[in-house]
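# Fold and contact review
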Amino acid sequence: MIDRPDLWLAIVVAAFGTYAIRTVPLALAGRVAALPVRARRSLRMVAPAALSALVCLAVFRPDGRLDLVGDRVVAATVAGLVGWRTRNPILTLVVGMVVLLALERL
(Lines give C-alpha, C1' and ligand atoms only; values in the text may rest on other atoms or scores of the structure.)
Protein backbone atom coordinates (compact mmCIF):
# COMPACT_ATOMS: atom_id res chain seq x y z
CA MET A 1 0.00 0.00 0.00
CA ILE A 2 1.22 3.46 -0.81
CA ASP A 3 1.37 5.61 2.31
CA ARG A 4 2.70 8.84 0.85
CA PRO A 5 0.02 11.54 1.10
CA ASP A 6 1.71 13.73 -1.51
CA LEU A 7 1.51 10.91 -4.06
CA TRP A 8 -2.17 10.32 -3.34
CA LEU A 9 -2.83 14.06 -3.66
CA ALA A 10 -1.07 14.09 -7.03
CA ILE A 11 -3.18 11.13 -8.22
CA VAL A 12 -6.44 12.75 -7.11
CA VAL A 13 -5.55 16.13 -8.65
CA ALA A 14 -4.52 14.47 -11.92
CA ALA A 15 -7.74 12.44 -12.03
CA PHE A 16 -9.89 15.50 -11.33
CA GLY A 17 -7.99 17.56 -13.90
CA THR A 18 -8.38 14.88 -16.55
CA TYR A 19 -12.09 14.56 -15.82
CA ALA A 20 -12.61 18.34 -15.91
CA ILE A 21 -10.67 18.82 -19.13
CA ARG A 22 -12.83 16.23 -20.88
CA THR A 23 -16.25 17.03 -19.49
CA VAL A 24 -16.39 20.81 -19.23
CA PRO A 25 -16.09 21.49 -22.99
CA LEU A 26 -18.70 18.86 -23.78
CA ALA A 27 -21.08 20.21 -21.16
CA LEU A 28 -20.68 23.77 -22.42
CA ALA A 29 -20.90 22.82 -26.09
CA GLY A 30 -24.55 21.85 -25.77
CA ARG A 31 -25.42 25.18 -24.19
CA VAL A 32 -23.51 27.43 -26.55
CA ALA A 33 -24.63 25.91 -29.86
CA ALA A 34 -25.91 22.64 -31.16
CA LEU A 35 -23.26 20.47 -32.75
CA PRO A 36 -23.70 19.78 -36.45
CA VAL A 37 -25.04 16.33 -37.32
CA ARG A 38 -21.75 15.33 -38.91
CA ALA A 39 -19.81 16.25 -35.77
CA ARG A 40 -22.22 14.29 -33.55
CA ARG A 41 -21.90 11.21 -35.79
CA SER A 42 -18.12 11.52 -35.70
CA LEU A 43 -18.01 11.85 -31.91
CA ARG A 44 -20.07 8.68 -31.50
CA MET A 45 -17.27 6.77 -33.19
CA VAL A 46 -14.43 8.03 -30.97
CA ALA A 47 -14.94 5.51 -28.13
CA PRO A 48 -15.22 2.43 -30.38
CA ALA A 49 -12.17 3.54 -32.36
CA ALA A 50 -10.07 4.04 -29.22
CA LEU A 51 -11.20 0.71 -27.77
CA SER A 52 -10.45 -1.05 -31.06
CA ALA A 53 -6.94 0.38 -31.10
CA LEU A 54 -6.27 -0.83 -27.55
CA VAL A 55 -7.73 -4.27 -28.20
CA CYS A 56 -5.80 -4.70 -31.45
CA LEU A 57 -2.53 -3.86 -29.72
CA ALA A 58 -3.26 -6.34 -26.93
CA VAL A 59 -4.31 -9.07 -29.35
CA PHE A 60 -1.76 -8.79 -32.15
CA ARG A 61 1.25 -7.46 -30.20
CA PRO A 62 1.03 -8.96 -26.70
CA ASP A 63 4.81 -9.23 -26.32
CA GLY A 64 5.71 -6.24 -28.47
CA ARG A 65 5.99 -8.32 -31.62
CA LEU A 66 3.40 -9.06 -34.28
CA ASP A 67 1.51 -12.28 -33.54
CA LEU A 68 -1.16 -13.28 -36.07
CA VAL A 69 -1.92 -16.67 -34.51
CA GLY A 70 -2.57 -17.69 -30.97
CA ASP A 71 -5.17 -17.80 -28.22
CA ARG A 72 -5.80 -14.06 -28.20
CA VAL A 73 -6.40 -13.88 -31.94
CA VAL A 74 -8.84 -16.80 -31.85
CA ALA A 75 -10.71 -15.35 -28.86
CA ALA A 76 -10.86 -11.91 -30.48
CA THR A 77 -12.17 -13.41 -33.73
CA VAL A 78 -14.91 -15.34 -31.93
CA ALA A 79 -15.82 -12.27 -29.86
CA GLY A 80 -15.88 -10.15 -33.01
CA LEU A 81 -18.26 -12.55 -34.70
CA VAL A 82 -20.53 -12.62 -31.65
CA GLY A 83 -20.50 -8.82 -31.50
CA TRP A 84 -21.23 -8.51 -35.18
CA ARG A 85 -24.17 -10.94 -35.04
CA THR A 86 -25.72 -9.89 -31.71
CA ARG A 87 -24.65 -6.25 -31.31
CA ASN A 88 -24.55 -6.98 -27.59
CA PRO A 89 -21.33 -5.65 -26.00
CA ILE A 90 -21.73 -7.55 -22.72
CA LEU A 91 -22.26 -10.88 -24.47
CA THR A 92 -19.31 -10.11 -26.74
CA LEU A 93 -17.01 -9.46 -23.76
CA VAL A 94 -18.18 -12.53 -21.87
CA VAL A 95 -17.79 -14.85 -24.88
CA GLY A 96 -14.36 -13.42 -25.66
CA MET A 97 -13.15 -13.90 -22.09
CA VAL A 98 -14.58 -17.42 -21.83
CA VAL A 99 -12.98 -18.46 -25.12
CA LEU A 100 -9.62 -16.96 -24.11
CA LEU A 101 -9.67 -18.64 -20.70
CA ALA A 102 -10.68 -21.98 -22.23
CA LEU A 103 -7.91 -21.80 -24.83
CA GLU A 104 -5.32 -20.85 -22.21
CA ARG A 105 -6.35 -23.83 -20.06
CA LEU A 106 -5.94 -26.29 -22.95
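All of the points below concern the structure found in this document.

## Quick notes on the overall build of the chain
Counting its regular elements, the chain contains five helices and zero strands. The helix and strand sequence of the chain, counted from the amino end, reads α-α-α-α-α. For the chain, the C-alpha radius of gyration of 20 Å lies well beyond 13 Å, the compact-globule estimate for 106 residues. Oriented by its inertia axes, the alpha-carbon framework of the chain measures out at about 55 × 50 × 25 Å.

## Considerations on the pattern of salt bridges
By the definition in use, this model includes two salt bridges. Here R4 makes a salt bridge to D6, at a shortest N to O gap of 3.1 Å. Take R4: its relative accessible area is 47%, and that puts it in the partly exposed class. Note that R65 is salt-bridged to D63, the shortest N-O span being 3.8 Å. The burial state of R65 is the same as that of D63; both residues are exposed.

## Details of the packing of helix 3 (residues 46–60) against helix 4 (residues 71–86)
For any two helices packed against each other, the geometry comes down to the angle between their axes and how far apart the axes lie. At a minimum axis distance of 8 Å, the contact between helix 3 and helix 4 shows a crossing angle of 145°. Every residue of helix 4 that contacts helix 3 at A58, V59 and F60 is listed here: R72, V73 and A76. A class-by-class count of the residues in the contact of helix 3 with helix 4 yields five nonpolar, no polar and one charged.

What counts, and where the lines are drawn
Residues numbered from 1 in each chain as written. Predicted model: local features only at pLDDT ≥ 70, side-chain atom pairs only at ≥ 80, totals over all residues. Heavy atoms only, no water. Helix = DSSP H or I, 4+ residues; strand = E, 2+ residues; numbered from the N terminus. Rg over C-alpha atoms; globule rule 2.2 N^0.38 Å. Salt bridge = Lys/Arg side-chain N within 4 Å of Asp/Glu carboxyl O. Buried < 20%, exposed > 50% of the residue type's maximum accessible area, 1.4 Å probe, protein only. Axes fitted to C-alpha atoms, helices over the stretch in contact; angles between N-to-C directions. Contact = heavy atoms within 4.5 Å. Nonpolar A, V, L, I, M, F, W, Y, C, P; charged D, E, K, R; others polar.

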